[in-house]
Amino acid sequence: MKKINNIMMILAAVGMGVSAAVAGDANNIVVDGSTTVGPIAKAFAEYYMGKHQAVNITVSESGSGNGAKSLINAACDVATMSRPMKNSEKKAAQDAGILAIEHIVALDGLSVIVHPSNPRSNLTIEQIRDIYTGKITNWKELGGQDQKIVVISRDTNSGTYESFNTLVLQEAKLKGGAEYVGSNGAIRQRVMSTEAAIGYVGLAFTEGVKSLKVNGVAPSAETVLAKTYPIARPLYMYTNGRTKEGTALDGFVNLYQTAEGKRIIEDTGFIPVK
Amino acid sequence: MIKNLDQTNVTAGREGSSLLLSHRAQRQQRITGLLGSGFLLAVTSLSTFAVLFIFYFIARDALPFFQLQGFKQFFTSTHWYPSASVPEFGALSIFIGSGLVTLGAVLVAVPLGITAAVCLSDVLPFSVRQVVKPVIEMLAAIPSVAYGFFALVVFAPLLQEQGGHILKVASWIIGSPIALLTIVVASDMLTDRMSSVHRARARWTWMTVLSAVAFWGLWHLGNSLGSITITSGTNALNVSIILGIMALPTVVSVAEDAIQATGRELREGSYALGATRSETILKTIIPAASSGIIAAVILGVMRAVGETMVVWMASGNAAQIPQPWYNVLQPVRTLTATIAGDMGEADQATGSARFHVLFAMALCLLLFSFACNLASEWGVRRTRRKVGR
């Protein structure tokens, strides 16, 4: 076990060294960060590398917090984030001599999802908050079957959690019995296979589960753009300073403004900005 | 090791002088010898230093947490909200989660593992053992993320849909052999002092009565377990079973080595005194190998307590003490999963107590496995001394 730990540490050190060396090369773009923005970044990367053979783009998904950290440590060129940078992160970036520039690339709504067999189709924000803070513990209290609610949340490391925490919980503490999982796909998987579960995911991850109306509004591109759906948020890419026109980095980051970029964003299940 | 090398050098030197090597050649030889053993020493100590360095760096980052937050909250509170605006770092429920999952894994791995070890070394023919042991050891070669995927995608939904039936069948499978053994031993003991005239009949009566009681008990246990519905399949039970299977190869292989190490003489001596095979195994071999078996159990515990991927994927990660504490059907959170899951956000920039608390947990884990390691080392040594090797 200890030996394995050693090897892991060495590998991690080597990995950091390599990515640090790669960042900064004009034709190599390293992208790291949110698992929510990941699909967009990957689709962008594929499209851009198809057009420009000389450019090499690597996309990692390690969570918004890790993305910010990588940008601050100059280990990536683009940090993808599903929440704005915190003041503490901006300060850390400043201290490291990095000017984090924000690009809003798309909009995302958080869908509150339940098992397809669940009879509920609408919850209010207050009800969702009560479920997650432990005031409501049984579907019976909401007029459903007599079943204990299995509350599933993203880990506190994710931007999705941060958004849910601000938009729905308003910083109230999650109940102790809430289960934490490490990705949008894992929440969907858990809710799909668990009758009494409730979870929250990005709009793109609702296949096979039932997404609820919130305050009577169904989550969709239209309602998010019209700002009537209450659990919605912008998605970000951060770069170090303004990108220079004509560079590969500039082309990649500004793809979201092109017609092709908007089509890609729609294809991955998000909503392009107007 | 080094001593030996030096000695060979000395003898080589002596042989040299008898062959009349020049002083210069002798000196050269001695220096080469010293360099060689020095190099070997450096290589050997490299891994030792690595362990010491890990210890040092983890302790260095763990201690600031206790300076910042003190000991009380960490060890006695169950409020784990590291990302809240007023963060709370109560890790008690996480310690209990780790403990519960490890206990569960031990309950799965130890009976199975020791039975398998005895079977491999003393029951199965040698040719079969040569095939079966590598197959069991292959369990160790499966990457833990594969176990985790299985636990999350296959086992958790299965527990939710068929939980009651699975528990019922499991209670019969585990309960019947235990009940059978207890009945045989108990009726034996109860009738031990009777005169030989009535003994056989009394024994049969006791056996029938006890069997009826055991059957009644198991029937009710099975029915009450069968009526349970498991609301969430990612829970302590799921992880315990998977971790138990993961710890199995370690337990089997170390315990089997210990049982083998007791030697042929002991077995032959036992047979010579007229003991049957089962008496030899139960009364001679297992007691003789007991320290080694304890070492196997401890190594199994270490495997279970240190496993990360499976618990992160399939334990539910809920920072709560189950109600009641042994309720393995509720989700729990373990130390390893917390370290793995919270590392990303736990930057020095975003709140340093949150960063250091993970190292405090790592230090606790490290100290625990260090103690386990010492204990198992002691066990292995004791077996060797006992059998005189």
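Now for a look at the structure at hand. Being a predicted model, the structure only gives us computed values, none of them experimental.

**Some points on the overall build of chain A**
Turning to step 1, where the next piece is worked out: What chain A contains, in helices and strands, is ten helices and twelve strands.
Turning to step 2, where the next piece is worked out: Expected size for 274 residues packed as a compact globule is a radius of gyration near 19 Å; at 20 Å, chain A falls within 12% of this value.
Turning to step 3, where the next piece is worked out: Along the three orthogonal principal directions, the C-alpha set of chain A runs to about 60 × 50 × 30 Å.
Turning to step 4, where the next piece is worked out: Every one of the 274 residues in chain A was classed for burial, and the buried ones make up 47%.
Turning to step 5, where the next piece is worked out: A separation threshold of at least 6 residues defines the contact pool for chain A, and within that pool the share at least 24 residues apart is 73%.

**As for the pairing of strand β1 (residues 28-33) of chain A**
Each regular strand shows side chains that alternate between the opposite faces of the sheet.
Residues and elements named next belong to chain A.
Turning to step 1, where the next piece is worked out: With five of its six residues buried, β1 lies for the most part within the structure.
Turning to step 2, where the next piece is worked out: This β-α-β element, β1 to helix α2 (residues 38-51) to strand β2 (residues 56-59), shows right-handed connectivity.
Turning to step 3, where the next piece is worked out: Summarising the sheet, β1 and strand β3 (residues 78-81) pair through three bridges and their orientation is parallel. The residue of β3 that forms the bridge with Gly-33 is Thr-80.

**Looking at the interface of chain A and chain B**
Turning to step 1, where the next piece is worked out: Contacts between chain A and chain B engage 32 residues on the former and 34 residues on the latter.
Turning to step 2, where the next piece is worked out: Elements represented by at least two residues in the side of chain A that touches chain B include exactly α1 (2-22), α3 (64-72), α4 (87-95), β7 (179-181) and α7 (184-193) of chain A.
Turning to step 3, where the next piece is worked out: Tallied by class, residues from the side of chain A that touches chain B come to six nonpolar, 16 polar and ten charged.

**Examining the environment of Ala-236 of chain B**
Residue and element names in this part refer to chain B.
Turning to step 1, where the next piece is worked out: Looking at the secondary structure, you find Ala-236 in helix α8 (residues 236-261).
Turning to step 2, where the next piece is worked out: For the pair Ala-236 and Gly-316, spaced 80 residues apart in sequence, the C-alpha to C-alpha distance is 8.1 Å.
Turning to step 3, where the next piece is worked out: Contacts of Ala-236, omitting those with residues within four sequence positions, involve Leu-100, Val-101, Gly-104, Ser-315, Pro-322, Val-328, Gln-330 and Val-332.

**Topic: the packing of helix α6 (residues 144-190) of chain B against helix α7 (residues 196-226) of chain B**
Residues and elements named next belong to chain B.
Turning to step 1, where the next piece is worked out: At their nearest, the axes of α6 and α7 sit 9 Å apart, and the two run at 160° to each other. When the axes of α6 and α7 are compared, the pair comes out roughly antiparallel. By crossing handedness, the relation of α6 to α7 is classed as right-handed.
Turning to step 2, where the next piece is worked out: Its residues assigned to classes, the contact of α6 with α7 comprises 13 nonpolar, nine polar and two charged.

**Description of α4 of chain A**
All names here are of chain A.
Turning to step 1, where the next piece is worked out: All of the buried residues along α4 are Glu-89, Ala-92 and Ala-93. Down the axis of α4, the buried set is contained in an arc of 100°. They therefore lie on one face. The exposed set on the far side of α4, more than 90 degrees from its buried face, consists of Asn-87, Gln-94 and Asp-95.
Turning to step 2, where the next piece is worked out: Along its buried surface, α4 packs onto α3 and β4 (100-114).
Turning to step 3, where the next piece is worked out: Backbone geometry just downstream of α4 places Gly-97 in the positive-phi region, at approximately 80°.

**Brief notes about the nonpolar core**
All names here are of chain B.
Turning to step 1, where the next piece is worked out: Ranked by internal contacts, the top residues of the largest apolar core, which has 150 residues, are Ala-151, Ile-242, Val-251 and Ala-255.
Turning to step 2, where the next piece is worked out: Among the elements that take part in this core, α8 stands out by supplying 15 residues, more than any other.
Turning to step 3, where the next piece is worked out: In this structure, Ile-242 is in contact with Tyr-147, Ala-151, Phe-155, Val-310 and Ala-314, ignoring residues within four places of it in sequence.

**Quick look at the packing of α3 of chain A against α4 of chain A**
Residue and element names in this part refer to chain A.
Turning to step 1, where the next piece is worked out: At their nearest, the axes of α3 and α4 sit 9 Å apart, and the two run at 15° to each other. Classified by the interaxial angle, the pair formed by α3 and α4 is roughly parallel. In terms of crossing hand, the pair formed by α3 and α4 is right-handed. The residues of α4 that touch α3, namely those facing Ala-68, Leu-71 and Ile-72, are Glu-89, Ala-92 and Ala-93.
Turning to step 2, where the next piece is worked out: Of the residues assigned to the contact of α3 with α4, the class counts are five nonpolar, no polar and one charged.

**Brief notes about the environment of Leu-152 of chain B**
Turning to step 1, where the next piece is worked out: Following the sequence through the fold, Leu-152 of chain B ends up in helix α6.
Turning to step 2, where the next piece is worked out: When the 24 C-beta atoms within 10 Å are taken as the criterion, Leu-152 of chain B is described as buried.
Turning to step 3, where the next piece is worked out: Remark: the alpha-carbon pair of Leu-152 of chain B and Ala-314 of chain B, spanning 162 residues in sequence, is separated by 5.2 Å.
Turning to step 4, where the next piece is worked out: Those residues in contact with Leu-152 of chain B that lie beyond four places of it in its chain are Gln-189 of chain A together with Thr-234, Met-313 and Ala-314 of chain B.

Basis of the calculations
Residues numbered from 1 in each chain as written. Chains lettered and ligands numbered in written order. Predicted model: local features only at pLDDT ≥ 70, side-chain atom pairs only at ≥ 80, totals over all residues. Helix = DSSP H or I, 4+ residues; strand = E, 2+ residues; numbered from the N terminus. Rg over C-alpha atoms; globule rule 2.2 N^0.38 Å. Buried ≥ 20, exposed ≤ 12 C-beta atoms within 10 Å, placed from the backbone. Contact = placed C-beta atoms within 7 Å. Right-handed = clockwise from strand over helix to strand, strands pointing away. Pairing = 2+ DSSP bridges. Nonpolar A, V, L, I, M, F, W, Y, C, P; charged D, E, K, R; others polar. Axes fitted to C-alpha atoms, helices over the stretch in contact; angles between N-to-C directions. Parallel < 35°, antiparallel > 145°, perpendicular 65-115°, else oblique. Left-handed = near helix turned anticlockwise from the far one by under 90°. Arc of directions from axis to C-beta. Core = buried A, V, L, I, M, F, W, Y, C linked by C-beta atoms within 7 Å.

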